[in-house]
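Structure at a glance
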Amino acid sequence: MTRKSEKVDNKKQRAVITGIGAMTPLGEKVEEFWSSLVAGRSGITKISLADTSDFPSDIAGEVTNFDPINYFDKREARRMARFSQLAVAAATMAISDAQLNIDQLDRNRLGVIMGNGNGGFPTTEENARLLISNGGMRMSPHFIPMILPNMAAANVSRIFGLKGYTSTIITACAAGTQAIGEAAEVIKRGGADVILGGGCEAGICELGLGGFNIIKALSRYEGDPGEASRPFDANRDGFVPAEGAGLIVIESLDHALNRGAPILAEILGQGVSSDAFHAVQPDQDGNGAARAIQAALTASKIHPDEIDYINAHGTSTPLNDLAETMGIKQALGEQAYKIPVSSTKSMIGHALGGAGALETVASIKTILENEIHPTINYNTPDPNCDLDYVPNKSRKMRVDTVMSNSFGFGGQNASLIIRRFEE
């Protein structure tokens, strides 16, 4: 006798997107986020979440005016670090957007895969100060379950009662993209009906700022904060840190159709690679990036000329932007010069483990709205970065297929391909 689960496993599923939610430096609603992106509006400001007096960099993309009580009660808020709070808030919006009535579904077939880099950095710093000043028994009893990187996924799972496949991807800046790609793979192999895939980060504190400043990774631009993130520009001088969370409701096509869900797009495939080169610098020839892109094309069964737009990793660091440009050209050949490429980070900064998820949200909106947001602050072309970076002004055009790239510290790379849904 064949069990029902075996029938599901033996059938190759299509992974579709039915809901999106985002907590960003440009607003707490997807529409606000998107309208600001296409307008070329920056969400980067002076840091309010930490004392920056000891550092040469004092700007970031913060989720301003965030009140966790809008999403859960005070007791829950006290027990969750900020990165978990942002994840739960974004999940709330994504579930609503997908019109997902969890009470009517098999919770054992619902899961969550989150990408995260640092976990509760600010909470770690706060409790380290308490340990030194007042002794270890003055630390928060919630310290350990607050800071663990897996707790964003755990809290989303717990609060919404998602009892199926659950995991956390910790591949630095590639984590959010890879988590969404892995979620799609779980759906395709029949391991779940619905997965909330995404990423989150909230590490703006002296501990994190000190670490990035000491390795000279951050921009030291002293003018208007909104002009500091300059991906692919010849005068780029480092990334701008940010925080945020993006959650995507991914489900099997059969499941989505059966419940009459709004289908926003389809995830075709992902590619993952490792530079195996350096602890923090990318492979200077872009080989690792190229292999991730090529793997994504292979998994998606499409050719380079089918890519309409690339949402770039585009960090605004001299080495990373160059390596990404070289990787795109290596993987796509002459077609690379025909594809518009833009960086969401030019407007929100780099949300590390949450970056890829926020960029996936932007990629989905690009398909839905047939408009490509610009790379702002692109004023001085770099002869070594010679692709079409959609400088400073959004572009209206038909977009059916998007590639979104994320390349993390340690040389861990992920590329995701999303397409307009067609039955």
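On a predicted model such as this, the values are computed, not experimentally measured, just so you know.

In contact at an axis separation of 7 Å, helix 5 (residues 121–134) and helix 9 (residues 206–214) are set at 110° when each is read in the N-to-C sense. As judged from the angle between their axes, helix 5 and helix 9 are roughly perpendicular. Contacts from Phe-121, Thr-124, Glu-125 and Arg-129 of helix 5 reach helix 9 at Glu-206, Leu-207 and Gly-208. Looking at the contact of helix 5 with helix 9, its residues break down into two nonpolar, two polar and three charged.

The terminal C-alpha atoms of helix 5 lie 20 Å apart, and with 14 residues this matches the ideal 20 Å at 1.5 Å per residue to within 8%. Here helix 5 has its buried residues at Thr-123, Glu-125 and Asn-127. Buried positions along helix 5 lie against helix 6 (143–147) and helix 9. With its phi angle positive at about 95°, Gly-135 sits one or two positions after the end of helix 5.

Ordered in space as 5-4-6-7-1-8-14-13-9-10, the 10 strands form an open sheet in which the pairing is mixed. Bordering the open sheet on either side are strand 5 (166–169) and strand 10 (341–342), each of which pairs with just one other strand. Contacts from helix 7 (residues 151–160) reach strand 4 (110–116), strand 5 and strand 6 (194–201) within the one sheet, and its direction differs from that of strand 4 by about 155°. Sitting on the sheet, helix 11 (residues 287–300) is in contact with strand 8 (265–274), strand 13 (401–408) and strand 14 (412–419), with an inclination near 145° to strand 8.

Another aspect to go through is unusual backbone geometry. Of note, the phi angle at Ala-172 is positive, near 50°, even though the residue is not glycine. Along the polypeptide, Ala-172 turns up in the loop between strand 5 and helix 8 (175–188). Given the relative accessible area of 22%, Ala-172 is considered partly exposed. Even without being a glycine, Val-390 presents a positive backbone phi close to 50°.

All right, on to the pattern of salt bridges then. Under the defined criterion, the tally for this structure stands at 22 salt bridges. Glu-266 is the salt-bridge partner of Arg-14, the closest N and O atoms lying 2.7 Å from each other. Of the two residues, Arg-14 sits in the loop between helix 1 (4–9) and strand 1 (15–23) while Glu-266 sits in strand 8, which places them 252 residues apart along the sequence. A salt bridge links Arg-420 to Asp-400, with the nearest nitrogen and oxygen atoms 2.6 Å apart. Here the residue Arg-420 occupies a position in the segment after strand 14, and Asp-400 occupies one in the loop between strand 12 (395–396) and strand 13, the gap between them amounting to 20 residues.

Here the focus is the packing of helix 2 (residues 30–38) against helix 14 (residues 355–369). Here helix 2 crosses helix 14 at 75°, and the two axes come no closer than 11 Å. The angle between the axes of helix 2 and helix 14 places the two elements in the roughly perpendicular class. Residues Val-30, Glu-31, Phe-33, Trp-34 and Leu-37 of helix 2 pack against Leu-358, Val-361, Ala-362, Lys-365, Thr-366 and Glu-369 of helix 14. In terms of residue class, the contact of helix 2 with helix 14 is built from seven nonpolar, one polar and three charged.

Right, let's talk about the side chain of Ser-404 for a bit. With respect to the element layout, Ser-404 can be found in strand 13. Residues within four places of Ser-404 in sequence aside, it is in contact with Thr-177, Asn-311, Glu-359, Thr-360, Ser-363, Ala-414, Ser-415 and Leu-416.

A few words now on the pairing of strand 1. Burial of strand 1 is extensive: nine of the nine residues sit out of reach of the surface. Bridging between strand 1 and strand 8 involves three bridges; their strand directions are antiparallel. Bridge pairing in strand 8 links Ala-15 to Ile-267. Pairing analysis gives eight bridges linking strand 1 to strand 7 (residues 244–252), with the strands arranged antiparallel.

Here is what the cut-offs are and how they apply
Residues numbered from 1 in each chain as written. Predicted model: local features only at pLDDT ≥ 70, side-chain atom pairs only at ≥ 80, totals over all residues. Heavy atoms only, no water. Axes fitted to C-alpha atoms, helices over the stretch in contact; angles between N-to-C directions. Helix = DSSP H or I, 4+ residues; strand = E, 2+ residues; numbered from the N terminus. Parallel < 35°, antiparallel > 145°, perpendicular 65-115°, else oblique. Contact = heavy atoms within 4.5 Å. Nonpolar A, V, L, I, M, F, W, Y, C, P; charged D, E, K, R; others polar. Expected span 1.5 Å × (residues − 1). Buried < 20%, exposed > 50% of the residue type's maximum accessible area, 1.4 Å probe, protein only. Pairing = 2+ DSSP bridges. Salt bridge = Lys/Arg side-chain N within 4 Å of Asp/Glu carboxyl O.

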